[in-house]
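Below are the chains, spelled out letter by letter.
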Amino acid sequence: MRSSYKKEDVCLLLKDITGLVKPQPAEEREKLIQSGRHYCEMLPVEYIPSAQYMETYEEALKNYAASAAFAVGRLADKIVEQKGRDTVLVSLARAGIPIGILLKRYISKKYKICMPHYSVSIIRGRGIDGNAMRYLLGQCRPEQILFIDGWIGKGAILRELQKDIADYAGVSSDIGVLADPANVTELCGTHEDILIPSSCLNATVSGLISRTFLRDDIIGEKDFHGAVYYGELADSDLSYSFIHAIEEKFVMENPKEEPSFGGFGYQEAEEIAGAFGVSDINFVKPGIGETTRVLLRRIPWKVLINQRYGRDKSLAHIIRLAEEKNVPVEYYPLKHYKACGIIRKLTDV
């Protein structure tokens, strides 16, 4: 699989399907998804940020690189202490890839350990890539594998992982993330809903690769899940400038994390669904990262902002995107999260 990442940073267990799938506009994809087509069988048109939005991203990177770096350090310490020095990092493509690279670099710097780093695809409703798992288990022992992602929204991918990994004896369904506002794992950098600046962009901060793809006419029985390489975006590639910005803020003794808020994020998502008459819990996307994804890739109905964080700079890119796309923003008494995106149900499906 081609990408703009260096081979020493990550081995992508993905099939290159560049040129085989035509990306579709958000409105077209949303109609198909809501009429029963699985999202993994299509690819979105990559969002091209406006100049104003890129200014907002650069500001976010400047303001929140340190908090992201602290989360990387705290998670790395937990990985070495709890999982061991021979851990193999397996990031979930694509949001987990830059996080896996940062963890690999931090652990190398602090502990002088070179942890292998692979990336595999997992798709809600379709599961983890079985061919990638079989490849991995040919390279390392089951107990060495640790899955890595960027953040947890309400925990859907974690539940998918727990269900799938039962088929692989000795492999743990533990997942390490920078931010877990849903409060479902202790293997995290923080339980706070922090801004991870890479969540603000798509391929241009993720090695120029698409989200992962799975459709029988393109992905054969023995193939890894697929992804597209966007070589035409090379002039806009910020993948390593993001990594270097976080890396520059690494410290070897990280501030202690804040205690978690009680309860679980999934329960709060259910409460939000009930309050707004949303029948499908998958339309409720809590957390900064998930709210950003809704605005970048789906058709949003509205964005909820935690009223305590109305002027929080970590939400500036969300406010900017909502303005650009004419999405209403409401203040709401969120508990675990600073923001929540709600997908619009398309009545003309």
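Residues numbered from 1 in each chain as written. Predicted model: local features only at pLDDT ≥ 70, side-chain atom pairs only at ≥ 80, totals over all residues. Heavy atoms only, no water.

Novice: I keep staring at the nonpolar core and nothing clicks. Help me out?
Specialist: In a soluble, globular protein the nonpolar side chains are often hidden away together inside. If you look at the biggest cluster of nonpolar residues, it comprises 64 residues, and the most contacted ones within it are Ile79, Leu103 and Ile246. Broken down by secondary-structure element, the contributors of at least two residues to this core are helix H2 (51-83), helix H3 (96-111), strand S7 (145-151), strand S8 (175-179), helix H6 (239-247), helix H8 (288-297), strand S12 (300-306) and helix H9 (316-324). In this structure, Leu103 is in contact with Val72, Leu75, Ala76, Ile79, Leu89 and Ile148, ignoring residues within four places of it in sequence. Listed in part, the 40 residues of the second largest apolar core include Leu13, Val120, Ala273 and Phe283. (Core = buried A, V, L, I, M, F, W, Y, C linked by side-chain atoms within 4.5 Å. Buried < 20%, exposed > 50% of the residue type's maximum accessible area, 1.4 Å probe, protein only. Helix = DSSP H or I, 4+ residues; strand = E, 2+ residues; numbered from the N terminus. Contact = heavy atoms within 4.5 Å.)

Novice: Even after reading the chapter, I still don't get H2, so can you show me in this structure?
Specialist: Turn by turn, an α-helix covers 3.6 residues, leaving residues three or four places apart pointing in a common direction. Along H2, the helix axis deviates most sharply at Tyr64, where the bend reaches about 55 degrees. The positive-phi residue at the C-terminal boundary of H2 is Gly84, with phi of around 105 degrees. (Bend = angle between axes of the 7 residues up to and from the residue.)

Novice: Teacher, can you tell me more about the sheet that holds strand S3 (residues 88-92) here?
Specialist: Note: strands within a sheet are paired through backbone hydrogen bonds, in either parallel or antiparallel orientation. The strand order S1-S4-S3-S7-S8-S9 describes an open sheet built from six strands, whose pairing is parallel. What marks the edges here is a single partner per strand, and that holds for strand S1 (11-12) and strand S9 (188-190). As judged from the four bridges shared by S3 and strand S4 (residues 117-120), these two strands associate in the parallel manner. If you follow Ser91 over to S4, its bridge partner there is Ser119. In the packing of H3 onto the sheet, the strands contacted are S1, S3, S4, S7 and S8, and the crossing angle to S7 comes to about 115 degrees. (Pairing = 2+ DSSP bridges. Axes fitted to C-alpha atoms, helices over the stretch in contact; angles between N-to-C directions.)

Novice: For this particular structure, what's the right way to read the environment of Glu268?
Specialist: Take Glu268: it is sitting in helix H7 (residues 265-275). Residue Glu268 is classed as buried on the basis of its relative accessible area of 3%. In this structure the C-alpha to C-alpha distance between Glu268 and Lys6, which are 262 residues apart in sequence, comes to 40 Å. Setting aside its immediate chain neighbours within four residues, Glu268 contacts Leu334, Lys335, His336 and Tyr337.

Novice: Can you walk me through the side chain of Lys78 in this structure?
Specialist: Along the polypeptide, Lys78 turns up in helix H2. Residue classification places Lys78 among the buried residues on the basis of a relative accessible area of 12%. Here Glu257 takes part through its side chain, which lies 2.8 Å from a polar atom of the side chain of Lys78. For Lys78, the residues in contact, after removing those within four places along its chain, are Lys83, Glu186, Leu187, Cys188 and Glu257. (Polar contact = N/O pair within 3.5 Å; in protein donor to acceptor, adjacent residues only side chain to side chain.)

Novice: Where do I start with the sheet that holds strand S11 (residues 284-286) in this structure?
Specialist: The sheet built from four strands is open, its strands ordered S11-S14-S12-S13 with mixed pairing. Sheet topology places S11 and strand S13 (329-332) at the edges, where each strand pairs with a single neighbour. Averaged over neighbouring strand pairs, the angle between their axes works out to 25 degrees when direction is ignored. Examined bridge by bridge, S11 and strand S14 (residues 339-343) share three bridges and lie antiparallel to one another. Across the sheet, residue Lys285 finds its bridge partner in S14, namely Gly341. Lying over the sheet, H9 contacts S12, S13 and S14, oriented at roughly 150 degrees with respect to S12.

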